[in-house]
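In case you want the letters, here they are:
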Amino acid sequence: MLDPDSIPRLMAAGTIEVAPLAYMRGRTLNDAFIILDEAQNTSAEQMKMFLTRLGFDSKIVVTGDVTQVDLPSGTKSGLRQVQEILEGIEDVHFSRLTSEDVVRHKLVGRIVDAYEKYDHAQGPTGRNGK
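Within each chain, residue numbers correspond to sequence positions counted from 1 in written order. The predicted nature of this model means local features are confined to residues of pLDDT at least 70 and side-chain atom pairs, given and counted, to a pLDDT of 80 or more, with totals for whole chains, interfaces and linings taken over all residues. The side-chain numbers reported here are obtained from all heavy atoms of the structure, hydrogens and water having been left aside.

Description of the environment of Ser58
Thought 1: Secondary structure follows DSSP: runs of H or I at least 4 residues long count as helices, runs of E at least 2 residues long count as strands, and numbering of each begins at the N terminus. On the secondary structure map, Ser58 appears in the loop between α2 (44–51) and β2 (59–62).
Thought 2: Remark: the alpha-carbon pair of Ser58 and Met1, spanning 57 residues in sequence, is separated by 19 Å.
Thought 3: Residues contacting Ser58, with those up to four places away along its chain left out, are Leu29, Asn30, Asp31, Ala32 and Ile34.
Thought 4: Distance and chemistry together define a polar contact, namely a pair of N or O atoms within 3.5 Å, with one atom able to donate a hydrogen and the other to accept it when in protein, and with adjacent residues in sequence counting only for side-chain atoms on both sides. One polar contact links the side chain of Ser58 to the main-chain carbonyl oxygen of Leu29, over a distance of 2.6 Å. Two residues form a contact once any of their heavy atoms are found within 4.5 Å.

Written out as structure tokens, the structure reads:
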């Protein structure tokens, strides 16, 4: 969306900031557009901490794929849990993409469908039932 040559200048000016999730504690993000990427690998506690950084005139976008959780066994994905907690809350929206949204090789869509079918057959404690 931006000219790649302008990114270092915008970062130096503080217009764009890239920060690890661990650096969010204690901050309030006002007048900002915040993106949390790969959120399937947040713990429930990290997700709550991140979402409560939202300040005035800000928006948060959280992205992740709950079928690609890389957390230690027994750790529930914060992205998976936040959907259960915030579904139906005013001004919170979840967009769920499917194999139809895959913009890679056509075989990838069929692979995604096969894994979804497998996960469904395994039930809630199967693969990535965290």
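Quick look at the packing of α2 against helix α3 (residues 78–86)
Thought 1: Note on definitions: angles span 0 to 180 degrees between N-to-C directions of axes, and those axes are lines fitted to C-alpha atoms, for helices only across the stretch in contact. Closest axis-to-axis distance for the α2/α3 pair is 8 Å, and the angle between their directions is 60°. Classified by the angle their axes make, α2 and α3 are oblique. As for how α2 packs across α3, the hand of that crossing is right-handed. Between α2 and α3, the contacting residues are Ala44, Met47 and Leu51 on the first element and Gly78, Leu79, Gln81, Val82 and Leu86 on the second.
Thought 2: Split by residue class, the contact of α2 with α3 holds six nonpolar, two polar and no charged. In what follows, roughly perpendicular refers to angles from 65 to 115 degrees, roughly parallel to angles under 35, roughly antiparallel to angles over 145, and oblique to any angle outside these ranges. The crossing is said to be left-handed when, going from far helix to near helix, the turn is anticlockwise and less than a right angle, and right-handed when the turn is clockwise. Three categories are distinguished: nonpolar for Ala, Val, Leu, Ile, Met, Phe, Trp, Tyr, Cys and Pro, charged for Asp, Glu, Lys and Arg, and polar for the others, with Gly belonging to the last.

Quick word on the environment of Asp113
Thought 1: Along the chain, Asp113 turns up in helix α4 (residues 106–122).
Thought 2: Exposed residues in this analysis have more than 50% of their type's maximum accessible area, buried residues have under 20%, and partly exposed residues fall in between, with area computed by a 1.4 Å probe over protein chains only. The class of Asp113 is partly exposed, set by a relative accessible area of 38%.
Thought 3: Separated by 14 residues in sequence, Asp113 and Ser99 place their C-alpha atoms 6.3 Å apart.

A short note on unusual backbone geometry
Thought 1: In this structure, Glu38 takes a positive phi of about 60° despite not being glycine.
Thought 2: Residue class for Glu38 comes out partly exposed when judged on its relative accessible area of 45%.
Thought 3: Of note in this structure, Asp91 is not a glycine but carries a positive phi near 75°.
Thought 4: Tracing the sequence through the fold places Asp91 in the loop between α3 and α4.
Thought 5: On the basis of relative accessible area, Asp91 is assigned to the exposed category, the value being 78%.

Looking at the pattern of salt bridges
Thought 1: Definition used for salt bridges: Asp or Glu carboxyl oxygen within 4 Å of a side-chain nitrogen of Lys or Arg. Using the criterion set out here, one finds three salt bridges in the structure.
Thought 2: A salt bridge links Glu17 to Arg27; the shortest N-O distance between them is 2.9 Å. Here Arg27 lies in the loop between α1 (7–12) and β1 (33–36) and Glu17 lies in the loop between α1 and β1, a separation of ten residues in the sequence.

Concerning a negative patch on the surface
Thought 1: Patches here are clusters of residues that have more than 30% relative accessible area and form no salt bridge, with a 9 Å joining cutoff for like charges and a 5 Å cutoff for nonpolar side chains (Val, Leu, Ile, Met, Phe, Trp, Tyr). Under the convention used here, a 1.4 Å probe and the Shrake-Rupley method define accessible areas, while residue burial counts only the protein chains that appear. The charge count treats Lys and Arg as positive and Asp and Glu as negative. His and the chain ends do not count. Charge positions come from single atoms, namely NZ of Lys, CZ of Arg, CG of Asp or CD of Glu. A surface patch of negative charge is lined by Glu100, Asp101, Asp113 and Glu116.
Thought 2: Tracing the backbone through its elements, the reader meets Asp101 in the loop between α3 and α4.

So, α3
Thought 1: Gly78, Leu79, Val82 and Gln83 are the residues of α3 that are buried. The buried residues of α3 all sit within an arc of 140° when viewed along its axis, so they share a single face. Among the exposed residues of α3, those pointing more than 90 degrees away from its buried face are Glu84 and Ile85.
Thought 2: Buried residues along α3 sit in contact with α2 and β2. The directions considered for the arc are those from the helix axis to the C-beta atoms.

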